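Summary of structural features
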Amino acid sequence: MIGYGAILVALAGLLMTLPHFISEPYRYDNTSPGGISLTIKDPRWVGAWWLGFLIAAGAVALAAIPYFFFPKEMPKEKRELQFRRKVLAVTDSPARKGKDSPSKQSPGESTKKQDGLVQIAPNLTVIQFIKVFPRVLLQTLRHPIFLLVVLSQVCLSSMAAGMATFLPKFLERQFSITASYANLLIGCLSFPSVIVGIVVGGVLVKRLHLGPVGCGALCLLGMLLCLFFSLPLFFIGCPSHQIAGITHQTSAHPGLELFPSCMEACSCPSDGFNPVCDPSTRVEYITPCHAGCSSRVVQDALDKSQVFYTNCSCVVEGNPVLAGSCDSTCSHLVVPFLLLVSLGSALACLTHTPSFMLILRGVKKEDKTLAVGIQFMFLRILAWMPSPVIHGSAIDTTCVHWALSCGRRAVCRYYNNDLLRNRFIGLQFFFKTGSVICFALVLAVLRQQDKEARTKESRSSPAVEQQLLVSGPGKKPEDSRV
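The sections below set out a description of the structure shown in this document. Only a predicted model underlies this, so the values are computations on that prediction, with no experimental measurement involved. Sequence order sets the numbering: in each chain, residues are counted from 1 along the sequence as written. Residue-level local features of this predicted model are given only where pLDDT is at least 70; pairs of side-chain atoms are given and counted only at 80 or more, and the full residue set underlies all totals for whole chains, interfaces and linings. Excluding hydrogens and water, the side-chain figures rest on all heavy atoms present in the structure.

To continue, consider the packing of aromatic side chains. Think of it this way: a Phe, Tyr or Trp ring, Trp meaning its six-membered ring, pairs with another when their centres are within 6.5 Å, and the plane angle makes it stacked under 30 degrees, edge-to-face over 60, tilted otherwise. Per the counting criterion, the structure on display carries 7 aromatic pairs. Measuring from ring centre to ring centre gives 4.8 Å for F170 and F424, while their planes differ by 20 degrees; the resulting arrangement is stacked. Taken together, the positions of F170 in helix α8 (residues 144-175) and F424 in helix α15 (residues 417-471) put the pair 254 residues apart, joining distant regions of the chain. By the burial criterion, F170 is buried, and F424 matches it. Counting from the N terminus, the helices are the DSSP runs of H or I reaching at least four residues and the strands are the DSSP runs of E reaching at least two. Buried, partly exposed and exposed residues are distinguished by accessible area as a fraction of the type maximum, computed with a 1.4 Å probe on protein chains only: under 20%, between the cut-offs, and over 50%, respectively.

In structure tokens, the structure reads:
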């Protein structure tokens, strides 16, 4: 089944590339007589987005091949299955039923025994499984440790879903870097840190021989450190570009007092987008027409060519403007920002193994498979589905200029960088805080259960000692286990 699932994933990756091959070629509106010269720094640049899906689909298909050579049943599982069938056969035999008649058993013991047999039966029919499922589901959800750990994992998965979906776009807009460079940094820093965090968490659990209380303390410590290293992210970022007619401030940029009266005679299209930058004042114009430019000059160089627009009536002293958006003065901050994000991701992933151990140790052996299934169901429904929508809606509220298509909003051209940073990082901080609260409650419940177990053990110890004294040296007590 795993091999078939991997093949389906590979086919899904191929389907994602299908729009590239069946759609029409990309078209751009020419807002100047000379046309548009696109570079990778241009926000309208569309690269080979489909190539990554093809490579990933091929890798998944190759990885699925070994699964088809696995046996249908593992030897250990086969022996265990045969043993359970023998136990069920002996339990359901007529001699056993006559020996353990209902008159000799209490109703509570009989009901408990039947429930256990239903739960461990390996060959339940669909009807029997449907009858048993609600009872086991409610029993699992009523377990406080399981419910709190799953809620904390929902918060972590919501954070991860938002990061995986919008972190490249956030870096591109916040620090004015290309999409390819943003994805390269994420692949070199964030993903390796996630792997390191998961491995270190498993090593700590094994080396320190952590029990439930120790696993809960490790999860809480990892999330507290992750929350602490997330605070500087609110203050690492770049200010918004000065866009003529959108975010300009006349007092701060005296060259903009001519705008917009200087371009009224040009009749510029409202939906055009071909940004140009004035290097002297670092003011960006939506199109050369909005800058009042009337001519275009191309300067060829050895490695690349630069496009300038001259005779611009809306620019100070008619200085030429450079095609493309203005470069940011703080693009170098993207590396420290991503290092903090990677460190926080590693600390958050430190909780992966201990939280999973808490789930496996907190439920009965026969309910472990169902508990893991319920866990992943909640993660998909409560985290991976709504989280991208929540993050996308929050990001859209920071847009200051929308491109229109058929009179409707199509894509955001410019964002308020301060609002974008505060709301995106704020959502991440909110989910991390929720995870910290859940792990704190898990640790409190585990300590309370441990305290109650010690109290019960201390109360039962004198009774055992008294039973040993009464029985004498040559006799054994009926039940000396605590």
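There's more to say after this.
Moving on, we get to the pattern of salt bridges. Here the idea is simple: oppositely charged side chains can pair when their charged atoms come close. Within this document, salt bridges are pairs made up of a side-chain nitrogen of Lys or Arg and a carboxyl oxygen of Asp or Glu, the two lying within 4 Å of each other. For the structure on display, the rule yields 2 salt bridges. Salt-bridge contacts for D418 lead to R421; the nearest nitrogen and oxygen are separated by 3.0 Å. Separated by 3 residues within a single helix, D418 and R421 lie in helix α15, roughly one turn from each other. The salt bridge partner of D450 is R454, with a shortest N-O separation of 3.3 Å. One end of the pair, D450, and the other, R454, are both in helix α15, 4 residues apart, so they sit about a helical turn from each other.

We now examine the nonpolar core. Ranked by internal contacts, the top residues of the largest apolar core, which has 26 residues, are L167, L171, F337 and F424. Mapped by element, the contributors of at least two residues to this core are α8, α9 (179-207), α11 (334-349), β8 (408-415) and α15. The contact definition used throughout considers only heavy atoms, calling two residues in contact when any of these lie within 4.5 Å. Every residue in contact with F424, bar those within four places of it in the chain, is listed here: G162, M163, F166, L167, F170, H391 and I395. Residue types Ala, Val, Leu, Ile, Met, Phe, Trp, Tyr and Cys, when buried and joined through side-chain atoms within 4.5 Å, form a set referred to as a nonpolar core.

This next bit is on the environment of V276. Following the sequence through the fold, V276 ends up in strand β2 (residues 276-278). By relative accessible area, V276 is classed as buried at 0%. Here the alpha-carbon distance between V276 and S325, two residues 49 residues apart in the chain, equals 5.7 Å. The contact partners of V276, leaving out residues within four places of it in the chain, are V283, E284, Y285, T287, P288, A291, Y309, V321, L322, A323 and G324.

Moving on, we get to α11. Multiplying 1.5 Å by the residue count of a helix minus one yields the expected span of that helix. Between its first and last C-alpha atoms α11 spans 22 Å; for 16 residues at 1.5 Å apiece the expected length is 22 Å, and the two agree. Of all the residues in α11, the buried ones are V334, F337, L338, L340, V341, S342, G344, A346, L347, A348 and C349.

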